[in-house]
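An overview of the molecular structure
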Amino acid sequence: MLVEMLWLFLLNLVLYVSSEVTHPELSECFTVNGRDYRGTVSHAGPEGTPCLYWNQTNQHMFNAQSDSDGELGLGNHNYCRNPDADVQPWCYVSENEDGIYWKYCDIPSCHMPGYLGCFLDFGTPPALSGASGTSSKLTVQACIRYCRTKGYQYAGLEAGYACFCGDPSDVGSLQPASGSQCDQYCFGKPNEICGGDGKISVYSAWVGACQENLTSCSGVLYSPDFPEEYGPSVSCMWDVLAPGSAAIELQFHIFQVPDPKDVLEVRDGTSRTLLMKVQGGQKPPSSVILPSGQLWFHFQSDQEFGGPGYAITYRGLPITVTNSTPLQETSEELSLASPNSTSEHHNTEHTSASKGLPITVTNSTPLQETSEELSLASPNSTSEHHNTEHTSASKALLFLAAALALLALCIGIVIWRYPSWSASIPCAMVQPTTCSMLYGHKKERMGDLTCVNQSSMKSLI
């Protein structure tokens, strides 16, 4: 019994050390329907029903075997995913008396910025009291554009076809609902969420605007008509002023601009000096700091193609970012990181995505004729980032050393007390109840996956 307990302890310790060293924490998704979600939420529905493991759902359409290359995020886990581009992440659950075998997951951060969430709508009076309308071709952007042209700050979608507009006074009195209850497909675009039965999905009316003046310390920039694709021959400009800031940090959460002829330029808001230029097909850094408290953005698409678009958050910083040497005409590589004030969540993202890309950056000098490879950085934050990594790695190595020492002690005790016993520990020594802890319970056969939430759609028939 003692040997068994020590063996299990060592196994768990080694697994912990391995995860600390090689598997950084995954971030939540940032798109409208959570197709790219790779987080660790493993329960579904308002009641928090545990999800089944994807390697135990072979009787269904989606399982670990059907995703052998890992593109859909399925595997030996029970985390919520969206492999079929549904309205939001979901998972298979155990059958009950109603025959339900899959449910949507409630992941608050698994949506685009500018989406306020899912709220209750009692109907009298409506949750958003401004202008309203219905359409059999309703999409998120169609409702947002409608409310923006009417002069309202917020747009709400309900039951797949209804659009409501409102102001901050309306939003301040909304009662939140579980995100999994806003589960209706938009009638005009089936992979977008347009509320639910008596539930309203609320968005900022400035999502996807082509021109805008932003004067807050932080905010979001979207490509034109986001979350829908931007079109060809688009030319949009945004002025961003972060009061009291000497620099602005940009976070590139989404940048899906496939055409190399489509270009996003970022210039100093006063001098119009080019600070950054990203062309279609390039992958921008996850974070970049530009040495100006006022920025001017210009996005231009060519006359032939559009694309999915981008979502960029900005945040003003009360620091001055300078380079010790002027930009040279030859190619240079600089490393960049976020400042010390960056949140722990952003630091986690920077750990897994710290590579730069070919972009054009200038500070106080005009743009040179030759392109330069730059990625922006703050020296203090780079040092802090490496210190954090060093501390985590040291802790993991200490745990590993302790595990090896304990293992050696156990082997010595076994050899001393049982000299004739083989040095290898047979797997049969582990109790069946212990082995079952390492594998999820395999479920009996269930029905086939349906493509829509039937219970929600019944109310619209």
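Criteria and thresholds
- Residues numbered from 1 in each chain as written.
- Predicted model: local features only at pLDDT ≥ 70, side-chain atom pairs only at ≥ 80, totals over all residues.
- Heavy atoms only, no water.
- Helix = DSSP H or I, 4+ residues; strand = E, 2+ residues; numbered from the N terminus.
- Buried < 20%, exposed > 50% of the residue type's maximum accessible area, 1.4 Å probe, protein only.
- Lys, Arg positive; Asp, Glu negative; His and termini not counted.
- Salt bridge = Lys/Arg side-chain N within 4 Å of Asp/Glu carboxyl O.
- Polar contact = N/O pair within 3.5 Å; in protein donor to acceptor, adjacent residues only side chain to side chain.
- Arc of directions from axis to C-beta.
- Contact = heavy atoms within 4.5 Å.
- Core = buried A, V, L, I, M, F, W, Y, C linked by side-chain atoms within 4.5 Å.
- Pairing = 2+ DSSP bridges.
- Axes fitted to C-alpha atoms, helices over the stretch in contact; angles between N-to-C directions.
- Disulfide = S-S within 2.5 Å.

On to the side chain of D67, then. For D67, the location among the structural elements is in the loop between β2 (49-50) and β3 (90-92). In this structure, D67 is buried with no salt-bridge partner, the nearest side chain bearing the opposite charge being R38 at 6.4 Å. A distance of 3.0 Å separates the side chain of D67 from the backbone nitrogen of E71, its partner in a polar contact. From its side chain, D67 meets the backbone nitrogen of L74 in a polar contact 3.0 Å long.

Tallying each qualifying case throughout the model produces five salt bridges. A salt bridge links K189 to E192; the shortest N-O distance between them is 3.7 Å. Residue classification places E192 among the buried positions, given a relative accessible area of 3%. When the shortest N-O distance is used, the salt bridge between R267 and E265 registers 3.4 Å. For R267, a relative accessible area of 22% corresponds to the partly exposed category. Assessed through its relative accessible area of 17%, E265 is described here as buried.

Here the focus is helix α2 (residues 140-149). Three or more residues of α2 are buried, namely V140, Q141, C143, I144, C147 and R148. Down the axis of α2, the smallest arc covering the buried residues is 160 degrees, so these residues share one side. Contact partners of the buried residues in α2: β7 (154-158), β8 (162-166), β9 (185-186), β10 (189-193) and β11 (199-204). Where α2 terminates, the next one or two residues include G151, which has phi positive at roughly 90 degrees.

C80, C91, Y92 and M112 are the most contacted members of the largest nonpolar core, which totals 49 residues. Looking at this core, the elements that each hand over two or more residues are β3, β4 (102-104), β5 (115-120), α2, β7, β8 and β9. The dominant element in this core, judged by the number of residues it contributes, is α2, at four residues. In this structure, C236, V257, L295 and Y310 belong to the second largest nonpolar core, which totals 26 residues.

Right, let's get into the sheet that holds strand β17 (residues 274-279). One open sheet accounts for five strands, arranged β12-β14-β19-β16-β17; its pairing is mixed. Only two strands of the sheet have a single partner each, and these edge strands are β12 (211-214) and β17. Looking at each pair of strands side by side, their axes are set apart by 10 degrees on average, direction ignored. Here strand β14 (residues 235-241) pairs with strand β19 (residues 294-300) via seven bridges, running antiparallel. What sits directly across from M237, in β19, is H298.

What follows concerns the state of the cysteines. Within the structure shown, the criterion is met by seven disulfides. Bridging C80 to C105, the disulfide has an S-S length of 2.0 Å. When the S-S torsion is -85 degrees, as for the bridge of C80 with C105, the disulfide is left-handed. Taken together, the positions of C80 in the loop between β2 and β3 and C105 in the loop between β4 and β5 put the pair 25 residues apart, joining distant regions of the chain. Residues C80 and C105 agree in their burial class; the two are buried.

The subject of this paragraph is unusual backbone geometry. The residue after T124, namely P125, is reached through a cis peptide bond having omega -5 degrees. Assignment of secondary structure puts P125 in the loop between β5 and β6 (132-134). In this model, F226 is joined to P227 through a cis peptide bond whose omega is 10 degrees. Residue position: P227 is located in the loop between β13 (218-222) and β14. Positive phi, normally seen in glycine, also occurs at A85, with a value near 55 degrees. A positive phi angle, close to 55 degrees, is found at S233, a residue other than glycine. The topology assignment puts S233 in the loop between β13 and β14.

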